[in-house]
Amino acid sequence: MSVSEQDSYEPMGDMSVVMSRSRSGREFVNVGDIGGSDDAKYGPGSTVWLRGRLNSIRVKGGSCFLVLRQNSFDTVQACFFKDKENPEQSAKMIKYLKTLTTESMVDLEGTVSTADVRSASVQDAELVIKRIHAVSKADAMLPFLVEDAARSEKEVEESQDTDRPFPRLGQELRLDHRWLDLRAPANNAIMRIQSAICQLFRESLYSQGFVEIHTPKLIAGESESGAGVFTTDYFGTTACLAQSPQLYKQMAISSDLDRVFEIGPVFRAENSHTRRHLCEFTGLDLEMAINEHYMETLEVVHSMFKHIFENLETRWAKELEVIRTQYESEPVTFTDEPCVLHWPEAMEILREKGFDMGDGLGDLTGAQELALGAAVKEKYGTDFFMLDKYPSDIRPFYTMPDPADARFSNSYDMFIRGQEICSGAQRCHDPDMVTEIIKQKGIEIGDGLQTYIESFRHGVSPHAGAGIGLERVVFLYLGLDNVRKASMFPRDPNRCTP
């Protein structure tokens, strides 16, 4: 339906399927550009075309009020009133409006008029409907309403003792229809924050001289010791889905790519049914040559996280405001310089908190990490901190031992609000030393590890790095109750669809 011919068509009715037959010449505008003031891009008197989702509709007698939604956040009210001079055409329009279902995609032509509206994000204007056409109709009965998916837990809970309690939507129902769940403004904004973190990660590391790389996800052997792997047939041999880009980002250092990072999928075949574990997640990985000490890497990573934390609160303030309306959280607090605890100090703090730490050579439990995070917040005033010198026995084979005490290592984890988001270390770049550690840990040196060790025999810079879980960062930064809310289509031991 071209602009020049549209007057010959009825001003209402379903469009034929858009199949790229032609271009109409019609210009669609953004809801955010509509307003009731003269300085609005499309102010009073402007006639505009919008494409959006039908957020709500109410038809009564000879009038209709509807709300059109774009990009999950922006909404505008549109209205139609019976024309006494053309009652037959008005009746057709009202009849058609009654057939429209919420969540349908529609094209609407309307004239901007000043109004006082509370049910939409555009509050000083509305559209007087001239034409409306369904582009894609939604089923009349949906698995759940987007407005119900957008309610906070507090709002749902407070409604339970009233005459009209709001439905409590279960996590599995939401995830089974995740595309619908993501239309809720806060859930949609979470995905935008996930994108923002990747953007800021790149920005910071590019500014610090890093190069982005892309490593194989089909590998000949395990890339992490201690983590389960997914295996697959590879032309008659067994291959694994990469648990991290670890070996390859180290080989990048041996290739004289002195500072590298990657954003890519990570696969862990761990049968963990917790609120913070996934079988597939997005890894933000980095590796860099160091001159003398792994603190050089901690300083780079701290600078990167500062860049993320500061810019999220300024450049993505709108999205954070939308999220915090449904999921309450406060901005993450952090120090100007890296806040680094050493393992002995952490043991002392936890013993003072009443934990039995034994010989101090075991890994931390979730409860111990939370207690440590609370103590660090109280003592140093920060939600974000680093803990180094982990015991060697609980770290992977590629970790450099502590030169003063081989029971410990030059490794570190990073935490937000007392939960781990990042693990890293100085790597053991000496081929004989790493071979010995591999043997001590009882790991078989297959073809994959053989080529990895060989890359060190040809000369390699000392190096250190870190691996960060994107969904874990989003989940903890936003104070969500489950990491699945931070994943677009989560994968866990019970879910491989949608």
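Just above sits the structure.
Points about the overall build of the chain
- Counting its regular elements, the chain contains 14 helices and 16 strands.
- Its C-alpha atoms put the chain at 95 × 55 × 45 Å along the principal axes.
- Residues classed as buried in the chain amount to 50% of the 498 residues present.
- Looking at the chain as shown, the accessible area adds up to about 24100 Å², and 48% of this sits on carbon and sulfur atoms.
- Treating the 54 positive side-chain charges of the chain as one cloud and the 77 negative ones as another, the clouds have centres 7 Å apart.

With respect to the pattern of salt bridges
- Under the definition given, this model contains 33 salt bridges.
- Among the salt bridges present, the one from Arg178 reaches Asp181, with a minimum N-O distance of 2.8 Å. Of this pair, Arg178 and Asp181 both sit in helix 5 (residues 178-181), 3 residues apart, which is roughly one turn of that helix. Residue Arg178 shares its accessibility class with Asp181, and that shared class is buried.
- Ionic pairing is found between Glu203 and Arg315, a salt bridge with its closest N-O pair at 2.9 Å. With Glu203 in helix 6 (residues 185-207) and Arg315 in helix 8 (residues 295-315), this pair connects stretches of sequence that are 112 residues apart.
- The exposure class of Arg315 is partly exposed, given its relative accessible area of 41%.

Notes on a nonpolar patch on the surface
- Among the surface-exposed residues, Trp179, Met488 and Phe489 lie close enough to one another that they form a single nonpolar patch of about 300 Å² accessible area.
- Along the polypeptide, Trp179 turns up in helix 5.
- On the basis of relative accessibility, which here comes to 43%, the residue Trp179 falls in the partly exposed class.

Notes on unusual backbone geometry
- In this structure, the amide linkage connecting Thr497 to the following residue, Pro498, adopts the cis form with an omega of -5 degrees.
- Within the element layout of this structure, Pro498 appears in the segment after helix 14 (470-477).
- One non-glycine residue, Lys389, adopts positive backbone phi at about 65 degrees.
- For Lys389, the location among the structural elements is in the loop between strand 13 (384-388) and strand 14 (411-416).
- Although it is not a glycine, Arg417 sits at a positive phi angle of roughly 50 degrees.
- With respect to the helices, strands and loops of the structure, Arg417 is situated in the loop between strand 14 and strand 15 (419-426).

Quick notes on the environment of Ala138
- Mapped onto the elements of the fold, Ala138 is located in the loop between strand 5 (125-136) and helix 2 (146-149).
- For Ala138, a relative accessible area of 18% gives the class buried.
- The spatial distance from the C-alpha of Ala138 to the C-alpha of Ser104 is 4.6 Å, given a sequence separation of 34 residues.
- Other than its neighbours up to four places away in sequence, Ala138 contacts Thr101, Thr102, Glu103 and Ser104.

Remarks on helix 12 (residues 431-440)
- Among all positions of helix 12, only Pro431, Val434, Thr435, Ile437 and Ile438 are buried. Buried residues in helix 12, looked at end-on, bunch into an arc of 165 degrees, giving them a common side. The outward face of helix 12, more than 90 degrees from its buried face, is lined by the exposed residues Asp432, Lys439 and Gln440.
- By the N-cap criterion, in which a side-chain oxygen at the helix start approaches the backbone nitrogen of a residue two or three places on, helix 12 is capped by Asp430, the distance to Asp432 being 3.2 Å.
- One or two residues past the end of helix 12 sits Gly442, with phi positive at roughly 70 degrees.

A few points about the sheet that holds strand 2 (residues 63-70)
- If you trace the 5 strands once around the closed barrel, you get 1-2-3-5-4, paired in mixed fashion. Taking each pair of neighbouring strands and ignoring which way they run, the sheet shows an average axis angle of 50 degrees.
- With 2 bridges joining them, strand 3 (residues 74-81) and strand 5 adopt parallel strand pairing. By the bridge assignment for strand 5, Ala78 is matched with Leu127.
- On top of the sheet, helix 1 (residues 87-97) reaches strand 1 (47-60), strand 2, strand 3 and strand 5; it is set at about 65 degrees to strand 5, its chief contact.

What about the nonpolar core?
- Core analysis: the largest hydrophobic core is formed by 58 residues, its most contacted members being Phe201, Phe305, Leu312 and Met414.
- The element contributing the most residues to this core is helix 6, with 11 residues.
- Among all residues touching Met414, those that are not within four sequence positions of it are Leu298, Val301, Phe305, Phe384, Phe385, Met386, Gln419, Glu420, Ile421 and Cys422.
- Listed in part, the 27 residues of the second largest apolar core include Leu54, Val76, Leu100 and Ala134.

Structural notes on the packing of aromatic side chains
- Taken as a whole and judged by the stated rule, the model has 16 aromatic pairs.
- A centroid spacing of 5.6 Å and a plane angle of 90 degrees characterise the contact between Phe201 and Phe261, whose relative ring orientation is edge-to-face. Of this pair, Phe201 sits in helix 6 while Phe261 sits in strand 10 (residues 259-267), and the two are 60 residues apart along the sequence. Each member of the pair, Phe201 as well as Phe261, carries the same accessibility label: buried.
- Relative to Tyr477, the ring of Phe309 lies with its centre 5.7 Å away and its plane at 25 degrees, an arrangement referred to as stacked. Of this pair, Phe309 sits in helix 8 while Tyr477 sits in helix 14; the two residues are 168 residues apart in sequence, bridging distant segments of the chain. For the residue pair Phe309 and Tyr477, the accessibility class agrees, reading buried in each case.
- One aromatic cluster in this structure is built from Phe305, Phe309, Phe334, Phe384 and Tyr477.
- The cationic tip of Arg51 hangs over the ring face of Phe28; the distance from NZ or CZ to the ring centre is 5.2 Å.

What about the side chain of Asn187?
- The residue Asn187 is located in helix 6 in this model.
- Side-chain polar atoms of Asn187 contact the side chain of Tyr327, separated by 2.8 Å.
- Discounting residues that sit within four places of it in the chain, Asn187 has contacts with Ala149, Arg174, Asp181, Leu182 and Tyr327.

The rules we used
- Residues numbered from 1 in each chain as written.
- Predicted model: local features only at pLDDT ≥ 70, side-chain atom pairs only at ≥ 80, totals over all residues.
- Heavy atoms only, no water.
- Helix = DSSP H or I, 4+ residues; strand = E, 2+ residues; numbered from the N terminus.
- Buried < 20%, exposed > 50% of the residue type's maximum accessible area, 1.4 Å probe, protein only.
- Areas by Shrake-Rupley, 256 points an atom, 1.4 Å probe, with all protein chains shown as cover.
- Lys, Arg positive; Asp, Glu negative; His and termini not counted.
- Charge placed at Lys NZ, Arg CZ, Asp CG, Glu CD.
- Salt bridge = Lys/Arg side-chain N within 4 Å of Asp/Glu carboxyl O.
- Patch = residues over 30% accessible without salt bridge, like charges linked within 9 Å, V, L, I, M, F, W, Y side chains within 5 Å.
- Contact = heavy atoms within 4.5 Å.
- Arc of directions from axis to C-beta.
- Polar contact = N/O pair within 3.5 Å; in protein donor to acceptor, adjacent residues only side chain to side chain.
- Pairing = 2+ DSSP bridges.
- Axes fitted to C-alpha atoms, helices over the stretch in contact; angles between N-to-C directions.
- Core = buried A, V, L, I, M, F, W, Y, C linked by side-chain atoms within 4.5 Å.
- Phe/Tyr/Trp six-rings, centres within 6.5 Å; stacked < 30°, edge-to-face > 60°.
- Lys NZ or Arg CZ within 6 Å of the ring centre and 35° of its normal.

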